[in-house]
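# Structure assessment
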Number of protein chains: 2
Amino acid sequence: MDLYSGYINRLIAELSVLPGIGNKTAQRLAFHIINMKKESVEKLAGAMVEARNNVKYCNECFTLTDSDLCPVCANPARNHKQIMVVENTRDMTAYEKTCKYEGVYHVLHGAINPSLGIGPNDIRLAELLKRLQHDAEEVIIATNSSIEGETTAMYISKLIKPSGIRVTRIASGVPVGGELEYIDEVTLTRALDARVEL
Amino acid sequence: MDLYSGYINRLIAELSVLPGIGNKTAQRLAFHIINMKKESVEKLAGAMVEARNNVKYCNECFTLTDSDLCPVCANPARNHKQIMVVENTRDMTAYEKTCKYEGVYHVLHGAINPSLGIGPNDIRLAELLKRLQHDAEEVIIATNSSIEGETTAMYISKLIKPSGIRVTRIASGVPVGGELEYIDEVTLTRALDARVEL
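Structure report, in brief. As the structure is a computational prediction, the values presented were derived from the model and not from experiment.

With that out of the way, let us pick up the interface of chain B and chain A. Counting from both sides, the interface comprises 52 residues of chain B and, opposite them, 52 residues of chain A. In total, about 5,100 Å² of surface goes out of reach between chain B and chain A, with carbon and sulfur atoms giving 70% of it. Three residues stand out in chain B for area buried against chain A, namely Tyr7(B), Met48(B) and Arg52(B), and they jointly supply 14% of the buried area on that side. For the pair chain B and chain A, the number of links is 4 salt bridges. A salt bridge links Glu50(A) to Arg10(B); its shortest N-O distance comes to 3.0 Å. Across the contact surface, chain B and chain A share 8 residue pairs in polar contact (both at pLDDT 80 or more). Sort the elements by how many residues they give to the side of chain B that touches chain A and helix H3 (residues 38-54) of chain B lands first, with 16 residues. A breakdown of the residues in the side of chain B that touches chain A according to their chemical character gives 26 nonpolar, 13 polar and 13 charged.

In structure tokens:
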């Protein structure tokens, strides 16, 4: 139905391709954009095009960045022998926010998911193995605690262990502040299995 | 914190100005945009700028449209003596989707809201009164069923009634398919007061 003008319909259609933006949200955003200042809309549109055209993969860890090396890989104060493997740049950022991790990262850009046809060759795994040929001491696998993340963790672990490099996995358990009654059985079981002496 | 590259940070900041888009959603959208095809990003950005620059208000009903007159106002088959007053273009579209209304509209672009300092002069009310000087027969007030919408409805009704033009309000009651147990008391009371003979 052509309920709005051509320009509004086109904008709604374009916004609807974004993840999590359904038709109703796209309408709301479209009307907000139409009422924004001309310069603000141009800034928003420009930021999209520029980010798309200028962002590239770090030559070392494959995170998304503007330069050949990301700020973490370019920092000599970081421990370049400790590599944390994550599924995407957002997960890397989540760990950077803790300010507690001093090693570097490797961003896979995905996880093994046979049901979607995503195999080991579809993620940046070959690049990880290549990096490990230089002097790596530990690979910390921090893929998600989902079926795909666990599958990927197991796969990587089996692949690397024969080389003698230490392979670890971030702990799973009850989140800090989590109330037991709302936590699923698998997490509770893991938390029990991984219990520590006090 | 400058966790991402400059371009990504700038895009996240720009996306966060949109309504209902918090920092987490902005991050998710930004990474989606960076991974989109170059041409798709340019189409999305172009649609924003073009819609902002080309959409104008209908000379007659003040809805957002591309031309001097919106398709409804330009249609001689519509009843131009019956004017439905709505708060915004989306509400007008909602009624157009019913395919049951044959009159025209008047879009206020807001509702009277004293707590936000929005008075009768801040919405397109003077323009409505001007339209009514020509031969209008009925004004159907279809502002929202919120405090602001009701206030606006009362205000318009008092303003127009002395002129002798018929002023009506869309009915409020239990929505079709609504289960009584989940409906608030005010709506239930209104539905009872407005009961009809079977």
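Structure shown, so let's carry the discussion forward.
Residue and element names in this part refer to chain B. A sheet is described by the order of its strands in space; here 4 strands give the open sequence S4-S3-S5-S6, paired in parallel fashion. Pairing within the sheet leaves two strands with one partner each, and these edge strands are strand S4 (103-107) and strand S6 (166-169). Strand-to-strand, the axes of this sheet are offset by a mean angle of 25°, without reference to chain direction. The pairing of strand S3 (residues 79-86) with S4 spans 5 bridges and is parallel. Residue pairing for S4: Val85 is matched across the bridge by His106. Packed onto the sheet, helix H5 (residues 125-132) meets S3, S4 and strand S5 (138-141) and runs at close to 150° relative to S4.

Cut-offs applied
Residues numbered from 1 in each chain as written. Chains lettered and ligands numbered in written order. Predicted model: local features only at pLDDT ≥ 70, side-chain atom pairs only at ≥ 80, totals over all residues. Heavy atoms only, no water. Contact = heavy atoms within 4.5 Å. Buried area = accessible area lost by both parts, 1.4 Å probe. Salt bridge = Lys/Arg side-chain N within 4 Å of Asp/Glu carboxyl O. Polar contact = N/O pair within 3.5 Å; in protein donor to acceptor, adjacent residues only side chain to side chain. Helix = DSSP H or I, 4+ residues; strand = E, 2+ residues; numbered from the N terminus. Nonpolar A, V, L, I, M, F, W, Y, C, P; charged D, E, K, R; others polar. Pairing = 2+ DSSP bridges. Axes fitted to C-alpha atoms, helices over the stretch in contact; angles between N-to-C directions.

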